[in-house]
Amino acid sequence: MQYKSTRNSSISISSAEVIKQGLSVEGGLFVPETIPAMTTSEIEALVNMNYRERAKVILSKFLTDFTEEELDNCINKAYTREKFGSDNIAPVYKLNDDEYILELWHGPTCAFKDMALQILPHLLTTSMKKTGETDEVVILVATSGDTGKAALEGFRDVNGTRIIVFYPNNGVSEIQKLQMVTQEGNNVGVAAVCGNFDDAQSGVKKIFTDDGYKDVLLHNNFKLSSANSINWGRLVPQIVYYFSAYADLLKADEIKLGDKINIVVPTGNFGNILASYYAYKMGLPVNKFICASNKNDVLTDFIKTGVYNKNREFHTTISPSMDILISSNLERFLFDLSGGDDSVIADWMAKLATDGKYEVSPEVKQQITDIFAGGCADDDETMQAIKKCKDEYGYVMDTHTAVAKYVYDRYVEETGDKTKTVIASTASPFKFNQSVLIALSGHSSVAGQDEFALLDKLSEVSGMDIPDSLAVLKNKPQLFNTVCAQEQMIQIVSDFLQIG
Ligand SMILES: *Cc1c(COP(=O)(O)O)cnc(C)c1O
């Protein structure tokens, strides 16, 4: 299987090359030339497999240039009992007869980013080897919270890689900061940047586009790379868990082979929901996708009107990992819906860059509304959903999952669609302890309490155990205390790599 770019269909490269390059030179995203199929009997065969075996079936259809041994090696290093707490890597929780929660947060950092970032480093180092690269990869990440920690955990102690994460000094939660500054591993670096997320991100971008510095790095046998969510190596592992959830529902006799399900995804960059759409294109029986946004509702409007317009106020919400105005992975979806028309995609993306908006054709819009519904929830509605779900089912969700639940409940009210539904749950409630506690027990319950008191309290209220990886933060030494200005970021990288 070869890959092309959404903005240049004449490109034809292997998956190893795609994972190594990340982004195509003209700015497009890599997509497979054809989407492979899963037959009904192949889906049925997943039922009696564990997660690693299921992952191998899906990944081997896309990463056809990887040997069986290479795939086994990547999968076995990523999806372990040790890292995910059990062999049930992505468990499905039955909320009621129609609704199932796909819990994607049992990995080491308690957010769904682990599902991809635990395996990406291995896919990347394998790809480097396969394409004859001998330089060491240096991963640079600017993070608003979840990605930085998940990338640190994924790349820690992976041979042939170094990782440096920059976070905004005043832009992450206390738990997120503690998760990063206590990071262990012999190839990791963490620094705070004065300013907000944009300052950290533009600092990283400057390093990436500094040709002089690139030469310095090359001279020292280092090659820069990124771990962001447009890399195919992050997307393809996310397809696995939608098939896995379907197989689990079959196994538990909740559905019959061939039954369609609905899928609800709390969405930011459109990566997670795009993975579910690829699963559908491969043959997963899906009735509707429900795309849930927070107050940053650019996708809700897009699904309704066919106009993508990012010219709007940016809102900071209690579901910060979805505070996004440009959903980069939408480009892959539109490429597929337009029948692989690279020139129309290049045109829309150019309009997005210059005018901040574009409108898709009536044909593309029709295809979207046939299979997608969209909706949004503000912070109050998110809080209501957390409380209501706890009261009705005794189940406690995080703020991102609650956006999905709220939007789904409205969808059912409006349509009466009672198709069995899988709701993607993207973070542990403990990761957003403060907002979850306020939703459950009011503001007074959090006043004056530190992070660890909040974890204890949430454990009490929810009846859930505090995830080990968060509980241990209390006693971990803080290993990184560097705070730098944006202009010093290059020096931080050089110091870390011990080059001139
Ligand atoms: C990243 C993230 C999302 C959004 O996922 P996308 O793939 O960007 O749409 C939702 N919830 C949580 C907790 C996240 O970390």
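We now turn to the structure provided with this report. Numbering of residues starts from 1 in every chain and runs along the sequence as written. In keeping with the predicted nature of the model, local features appear solely for residues at pLDDT of at least 70, side-chain atom pairs appear and are counted solely at 80 or more, and the whole-chain, interface and lining totals rest on all residues. As a convention, hydrogens and water are excluded, and side-chain values are obtained from all of the structure's heavy atoms.

## Some words on the site of the ligand
And step 1. Definition of nearness: a residue and a molecule or strand are near each other if at least one heavy atom of the residue lies within 4 Å of the molecule or strand. The full set close to the ligand counts 15 residues, and K113, G268, N269, N272 and T426 are the nearest of them.
And step 2. N or O atoms within 3.5 Å of each other form a polar contact, as long as, within protein, one can give a hydrogen and the other can take it, and as long as residues adjacent in sequence are counted only when both atoms are side-chain atoms. Between N272 and the ligand, the recorded distance is 2.9 Å, taken from a backbone N or O atom to an oxygen atom.
And step 3. T426 is positioned with one of its side-chain polar atoms (N or O) 2.8 Å from a nitrogen atom of the ligand.
And step 4. Here the accessible surface of atoms and residues is derived via Shrake-Rupley with a 1.4 Å probe, and residues count as covered only by protein chains that are part of the display. For the ligand, whose free accessible area comes to 390 Å², the fraction covered by protein is 96%.
And step 5. Gly is put with the polar residues, along with every residue not named as nonpolar or charged; the nonpolar set is Ala, Val, Leu, Ile, Met, Phe, Trp, Tyr, Cys and Pro, and the charged set is Asp, Glu, Lys and Arg. Split by residue class, the shell around the ligand holds five nonpolar, eight polar and two charged.

## Digging into the environment of F84
And step 1. Put simply, DSSP H or I for four residues or longer makes a helix, DSSP E for two residues or longer makes a strand, and each gets a number counted from the N terminus. Within the fold, F84 resides in helix α5 (residues 81–84).
And step 2. Sequence separation between F84 and L104 is 20 residues; the distance between their C-alpha atoms is 9.9 Å.
And step 3. Note on contacts: a residue pair is in contact if any heavy atoms of the two residues lie within 4.5 Å. Sequence-distant contacts of F84, that is, excluding residues within four places in its chain, are made with A78, Y79, I89, H106, G107, D114, M115 and Q118.

## Looking at the packing of aromatic side chains
And step 1. Centres within 6.5 Å make a pair out of two Phe, Tyr or Trp rings, where for Trp the six-membered ring is used; the pair is then stacked when the planes are under 30 degrees apart, edge-to-face when over 60, and tilted otherwise. Taken as a whole and judged by the stated rule, the model has 22 aromatic pairs.
And step 2. Considering the side-chain rings of F302 and Y308, the 5.8 Å spacing of their centres and the 65 degrees angle between planes classify their relative orientation as edge-to-face. Both residues of the pair, F302 and Y308, belong to the buried class.
And step 3. Site record: aromatic cluster; members linked through ring pairs are Y3, F62, W232, F270, Y277, Y278, Y280, F289, F333 and F372.
And step 4. A positively charged side chain is recorded as over a ring if its NZ (Lys) or CZ (Arg) lies within 6 Å of the ring centre. The angle to the ring normal must also be within 35 degrees. In this arrangement the basic side chain of K130 is found over the ring face of F66, its NZ or CZ atom lying 5.4 Å from the centre.
And step 5. R410 extends its terminal NZ or CZ atom over the ring of Y406, reaching a point 4.5 Å from the ring centre. To sort residues, take the accessible area from a 1.4 Å probe on protein chains only and compare it with the maximum for the residue type: under 20% means buried, over 50% means exposed, and anything in between is partly exposed.

## A few points about the sheet that holds strand β10 (residues 261–266)
And step 1. Strand order in the open sheet formed by six strands is β4-β5-β15-β10-β11-β14, with mixed pairing between adjacent strands. Bordering the open sheet on either side are β4 (92–94) and β14 (372–376), each of which pairs with just one other strand. Strand-to-strand twist in this sheet, taken as the mean axis angle between neighbours without regard to direction, amounts to 25 degrees.
And step 2. For helices, the fitted line uses only the C-alpha atoms of the stretch in contact; every axis is such a line through C-alpha atoms, and the angle between N-to-C directions lies from 0 to 180 degrees. Contacting β11 (286–293) and β14, helix α14 (residues 298–305) runs over the sheet at an angle of about 140 degrees to β14. One bridge is not enough; two strands pair if DSSP finds at least two bridges between them.

## Re the sheet that holds strand β7 (residues 161–168)
And step 1. Taken in spatial order, the five strands of this open sheet run β9-β6-β7-β8-β16, and their pairing is parallel. One side of each edge strand has no neighbouring strand; the edge strands of this open sheet are β9 (222–225) and β16 (483–484).
And step 2. Where helix α8 (residues 146–155) meets the sheet, its contacts fall on β6 (136–142), β7 and β8 (188–193), and the angle it forms with β7 comes to roughly 165 degrees.
And step 3. Packed onto the sheet, helix α10 (residues 197–208) meets β6, β7, β8 and β9 and runs at close to 155 degrees relative to β6.

## Observations concerning the packing of α14 against helix α17 (residues 362–371)
And step 1. At their nearest, the axes of α14 and α17 sit 8 Å apart, and the two run at 110 degrees to each other. Here α14 is positioned roughly perpendicular relative to α17, judged by the angle of their axes. Mapping the contact onto sequence places F302, I303, K304 and T305 in α14 and K365, I368 and T369 in α17.
And step 2. A breakdown of the residues in the contact of α14 with α17 according to their chemical character gives three nonpolar, two polar and two charged. Each angle gets one of four labels, with under 35 degrees taken as roughly parallel, over 145 as roughly antiparallel, 65 to 115 as roughly perpendicular, and the rest as oblique.

## Focus: helix α3 (residues 51–62)
And step 1. With 12 residues, α3 ought to run about 16 Å at 1.5 Å a step, and its terminal C-alpha atoms sit 17 Å apart, in line with that.
And step 2. When α3 is considered as a whole, its buried residues turn out to be Y51, R54, A55, V57, I58, L59, K61 and F62.
And step 3. Measuring from the side-chain oxygen of the N-cap residue of α3 to the backbone nitrogen of R52 gives 3.1 Å; that N-cap residue is N50. What a helix is expected to span follows from its residue count: subtract one and scale by 1.5 Å.

## Side note on the pairing of strand β5 (residues 99–103)
And step 1. In terms of burial, β5 is largely enclosed, as five of its five residues are buried.
And step 2. Side chains E99, I101 and E103 of β5 all project onto a buried face; the interleaved residues Y100 and L102 project onto the opposite face, where all are buried too.
And step 3. Pairing of β4 with β5 involves three bridges; the strand directions are antiparallel. Counted as the bridge partner of Y93 is I101 from β5.
And step 4. Following β4, the chain reverses through four residues before pairing antiparallel with β5.
And step 5. Looking at chain direction, β5 and strand β15 (residues 421–425) are connected through five bridges and run parallel. Counterpart to I101 in the pairing with β15 is I423.

## Some remarks on the packing of helix α18 (residues 379–393) against helix α19 (residues 399–415)
To characterise two packed helices, one gives the angle between the axes of the helices and the distance between these axes.
And step 1. In the contact formed by α18 and α19, the axes pass within 8 Å of each other and the chain directions differ by 85 degrees. Here α18 is positioned roughly perpendicular relative to α19, judged by the angle of their axes. Side by side, α18 and α19 meet where E381, T382, Q384, A385, I386, K388 and C389 of the first sit next to T399, A402, V403, K405, Y406 and D409 of the second.
And step 2. Classifying every residue of the contact of α18 with α19 gives six nonpolar, three polar and four charged.

## Digging into the pairing of β6
And step 1. β6 sits mainly inside the fold: six of its seven residues count as buried.
And step 2. By the bridge criterion, six bridges tie β6 to β7 in an arrangement that is parallel. Looking at the pairing, V141 lines up with V165 of β7.
And step 3. Convention used here: a crossover is right-handed provided that the path from the first strand, over the helix, to the second strand proceeds clockwise when the strands point away from the viewer. Read as a crossover between parallel neighbours, the route from β6 over α8 to β7 is right-handed.

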